Each structure stands twice: as structure tokens, then as C-alpha cells.
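For reference, the chains in residue letters:
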Amino acid sequence: MSNKTISSALISVFSKDGLAPIVKKLDELNVTIYSTGGTEKFIKDLGINVVPVEDVTSYPSILGGRVKTLHPKVFGGILNRQNHDGDVAELAEFEIPQIDLVIVDLYPFEKTVASGASNQDIIEKIDIGGISLIRAAAKNYADVTCVSSVEDYSEFLNLLNTKNGETSVEDRQYFATKAFNVSSHYDTAIFNYFNKNHDHTALKISETNGKVLRYGENPHQKGFFFGNFDAMFTKLHGKELSYNNLLDIDAAVNLILEFKGEAPTFAILKHNNACGFAQRNTVYQAYIDALAGDPVSAFGGILISNTGIDKATAEEIHKLFCEVVIASSFSNDALEILKGKKNRILLILNDVELPKSTVRTCLNGALVQERDSKTDSIEDLKTVTSTSPNQNEIGDLIFASKICKHTKSNTIVLAKNKQLCASGTGQTSRVDALNQAIHKAKSFNFDLNGAVMASDAFFPFPDCVEIADNAGITAVIQPGGSIKDELSINYCNENNVAMVFTGTRHFKH
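These notes cover the structure that comes with them.

1. Here we look at the sheet that holds strand S12 (residues 273–279)
With mixed pairing, the 6 strands of this open sheet are ordered in space as S10-S15-S14-S13-S11-S12. Single-partner strands in this sheet number two, and they are strand S10 (233–237) and S12. Across the sheet, the axes of successive neighbouring strands diverge by a mean angle of 20°, strand direction being ignored. Two strands pair when backbone bridges link them, and strand S14 (residues 322–327) and strand S15 (residues 345–349) are joined in this way by 4 bridges, in the parallel orientation. The residue bridging Ile326 from the neighbouring strand is Leu347, located in S15. Along the sheet, helix H12 (residues 243–256) contacts S10, strand S11 (265–270), S12, strand S13 (301–305), S14 and S15; its crossing angle with S13, the most-contacted strand, is approximately 30°.

This is the structure we're talking about:
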């Protein structure tokens, strides 16, 4: 028979939050409750009868609590097959009680790691008995219900109330699925803790916060997001985020973090690339000048600021159709204005550390790499030409380099006075990228005389510096490293163009 009535339960949990109503309901249903340690005391304090596991096993909790439930009389009660005559006979022979329900909440391993606790404290939060109970109960879902997380207490209590202690095989399999999700995630977290200082010999990723998206990159594709979005952002307003929104938001956050703590900086992104970017004394002027970089591409874009957004800036943003606006804060007036478009997504960026590695699918596997955490700074610049960049050009070179790092390769970025003039993105040749950038800058009436150029990789020939020079560009930043670097250096020397090498390539595929 697939339906089972719960008559006995083993409860051993770390967190007691939300447990009391379940225990009271089980008592009301005349369920025999077995328990250990702190959980046993918690149940007794509720005035409810509970059988100590020690009375079943005839063994006390030993080794400082490391061994409590690891005993045949416990696991036999969970793993026996109730429709198997041999199993039933052995339960009677060895006086093993039948257990129909297991409620376990594991030691908080991940929270302990995140707290900065000592290695010894972390090791002690590796649950042994609990994880074993979960696996045993979930394996035997044909007869046993397994509740494996405090997050499932409410759902299970509802099941008890609606069915008066009876469960179907579908109910038990559902909770077993959740249990194996808990156990596999727990083991992944432990492995990744032990493996953090070693080369990647295995890739284990586990995200339990899953969200179904409206669709994927296109409407005919299913899409999902796995991650703790709420830890990164506080959503204030707007429609549900889409797959493409999330990709653009990821690009926007990674770019703006390069300017964390600097003067007000505003970026407008489209298809993961910055189409407008400026740094000014006020966020209002930063937005105005970022928008001027490409007001056409800004339509439907993602907007992000490294500082709070005030009323004046919000009034200007409100004139533009944009999908998402991200900032560290919004004034009350700004929020009221921007909420004027019901679908516009408003996000506060919280101070959360991003993963140190990036992962993407490739062929029938995955590629893993360290995040590109290198940001070019003044200390990295090596002037390789007879003409040195002036102070204003140096500032613009660093500014352009940071944008270039977060733009699809091949890329060229043109900037002047801390404003993005244009960029050539995702081109198959660097000359094409430069010509695209120059054409775009001129189409929006930018004067490139005195502008700077950043390249994400070296120049194998002098053609790019020649094209840039003819457009009015006076300073160049690039990684260097070509066997023909001298060709570009010689051209710059002959035409009074300053060029600096960083020694670091920033490809972004």
C-alpha cells in the first residue's frame, strides 16, 4: 500500500525554529517520538513525551556528541522494508523499533565557514549522524518520510494537518528529493572548503536558490537562475527580471566595481557592453555625459551608478526608456519619480563579494578560470615612447583601460576627459574595432583631438596607432608584448603620440 500512517518519529535537529508546532501535532496524532540531546530536552520542555535514543541503543552519546544515532537499532528502524518478511522478522528478533518519520536539520557548516570561524570549529560543524539519517530515510522513501531542513517545516506541518499523519508515496518521494538536494549541497560545500587551496581537480557547483525565468535568451528557450539574488540586490520596484536582464546586470556590476569609492560615475550598458560612461563631480552630470556617449543605444539599456541617485538625476533618467536602474541608494524623491514606469526595475546594489572564479559551459563540459581581478593602475604604466602622457591623459588612460577590460574582445575604447567617446566591441580584427569606434564617436559629434585609446591586447602592426593618430588621439594604453612592438613605438615617436604598456592583457570572450 502506498499510503502510510506515521506512528513513530526520530527528531534530531540543530535549529529548533518552527519545530514546536510539528512536535505538538505529532503528539496529538499519538506518534511515538525518539530524540537526542538538545532536541530531546526541547521536546520535554514542551511537556511532550519523548523516548531518548539511548534507551533504544543502550549506548550513551559519546565522543563529545560526535556519536549519538550511529547504531543498528536506529538505522535498522529507518532502513527496513515494511513489506519484506525477512526485514520485519529481524526487527522483532533484535527489538528494533519501526521509524516512519525522520526530521533532521544539519549543523550549519556554510554559515560557520562564512563567519570566519577557526578550522577546528568548522570541522566540528561537519555533520555525520545527521547526514547519514537523511540519506537512510530518503533512500527508504517507500516507507519513511524525511524532513531534512528547517525550511521544510511549514510545508510538512501543512501535510500533517491536511492528512492527519498519513502520507502518500508521492509525498514521501517529494521530501526524499528535497533531502538528497540538501545532502548533495552539504557535501559540495565541505569539498569546496577543503579544496579551496588546491588546483581544480574537480568542479562541484551547488546552488539551492533556483528561480524559473520567463524564458531564456529567446522566448523559445527555457531559462533559470541559480544564486542568491537577494543577497546582492534589494529590489525596490519593477517587473520580473529576465535572462538577458541578469546578464546585463552582471556586466554592469562588474564594470562599476572598478570605480568603487571614486568620484560619481555612471554607466549605461547594452548587450553586456558600455555604450555610455562618464565620471564627474556630480551623479547628475555623470549621467548626462554618459547618455551623450550614445543616446541611441541607451534606449532599453541597463543604467548603473557607483553612488546614490538624487531627484535631479532621476528626472533625467525618467525621460529615457530603460530596463534597469542600479545604484547604492535612491532618495525618496528619486524613487517616487522612477517608479512612474511600472515595469522599470530599480535595484540597490549591496556590498557583496563576487565569486573568485568564473564558470561557463564549453563543449560537453565546463571552463573554469580565476576572475580577472587585475585592474591597471598608474603604477603599472610603463612609458615606451619619447613622448610621455600628461596628467590629464594618464587619468583618461586608466579610465579607458577599466572600461576596455569589461568590453567584448576585440575591443578599442576611446575616451576624453573621463567620458567614453566610443568603443569598438567584439570585432574580429583590432583595426575593425578602432574604425568602428572612430565612426561611432564622430557620429555623435565627439572631438577626438586629445582623446586617448585603450586596447585589450597588443598591436602586432602599427596600423592602429596610425589610424588613431590621424583621428586626433594623443595617447595610447595597451599591454604590449608583440614581437613587433617597436613598429608601433617608432610610429608614435615619429608623430608625438604617447604610448604606455601595462604588461596585462584583458581579453573578454
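Additional details are given in the paragraphs that follow.
2. Points about the pairing of S14
With 6 of 6 residues buried, S14 is to be regarded as a mostly interior element. Two elements, S13 and S14, share 4 bridges in a ladder whose sense is parallel. The residue of S14 that forms the bridge with Ile302 is Val324. Regarding topology, helix H14 (residues 311–317) serves as the crossover connection from S13 to the parallel S14, and that connection is right-handed.

3. Notes on the sheet that holds strand S3 (residues 32–35)
Here we have 5 strands laid out as an open sheet, ordered S4-S3-S2-S5-S6, and parallel in their pairing. Strand pairing shows two members of the sheet lacking a second neighbour, strand S4 (51–52) and strand S6 (145–147), which therefore form its edges. Taken together, the 2 bridges between S3 and S4 define a ladder with parallel strand orientation. The residue bridging Ser35 from the neighbouring strand is Pro52, located in S4. Packed on one face of the sheet, helix H8 (residues 129–139) meets strand S2 (8–13), strand S5 (101–105) and S6 and runs near 145° to S5.

4. Quick word on the pattern of salt bridges
Using the criterion set out here, one finds 19 salt bridges in the structure. Salt-bridge contacts for Lys405 lead to Glu258; the nearest nitrogen and oxygen are separated by 2.6 Å. Note that Lys405 is positioned in helix H16 (residues 391–405) and Glu258 in the loop between H12 and S11, a separation of 147 residues in sequence. By the burial criterion, Lys405 is buried, and Glu258 matches it. We note a salt bridge from Asp447 to Lys416, for which the minimum N-O separation is 4.0 Å.

5. Section: the nonpolar core
Counting 42 residues, the largest nonpolar core has Phe233, Ile249, Phe277 and Ile326 as its most contacted members. Ignoring anything within four residues of it in the chain, the contact list for Ile249 reads Phe233, Leu241, Ile302, Val324, Ile326 and Leu347. Counting 28 residues, the second-largest nonpolar core is a separate cluster that includes Phe109, Ala137, Tyr186 and Ile190.

6. What to know about helix H17 (residues 430–443)
Look at H17: 20 Å from first C-alpha to last across 14 residues, which is about the 20 Å you get at 1.5 Å a residue. At its buried positions, H17 is contacted by strand S19 (412–415), strand S20 (420–424), strand S21 (452–455) and helix H18 (463–470). Positive phi shows up at Asn445, right after H17, with a value of about 65°.

Conventions we followed
- Residues numbered from 1 in each chain as written.
- Predicted model: local features only at pLDDT ≥ 70, side-chain atom pairs only at ≥ 80, totals over all residues.
- Heavy atoms only, no water.
- Pairing = 2+ DSSP bridges.
- Helix = DSSP H or I, 4+ residues; strand = E, 2+ residues; numbered from the N terminus.
- Axes fitted to C-alpha atoms, helices over the stretch in contact; angles between N-to-C directions.
- Contact = heavy atoms within 4.5 Å.
- Buried < 20%, exposed > 50% of the residue type's maximum accessible area, 1.4 Å probe, protein only.
- Right-handed = clockwise from strand over helix to strand, strands pointing away.
- Salt bridge = Lys/Arg side-chain N within 4 Å of Asp/Glu carboxyl O.
- Core = buried A, V, L, I, M, F, W, Y, C linked by side-chain atoms within 4.5 Å.
- Expected span 1.5 Å × (residues − 1).

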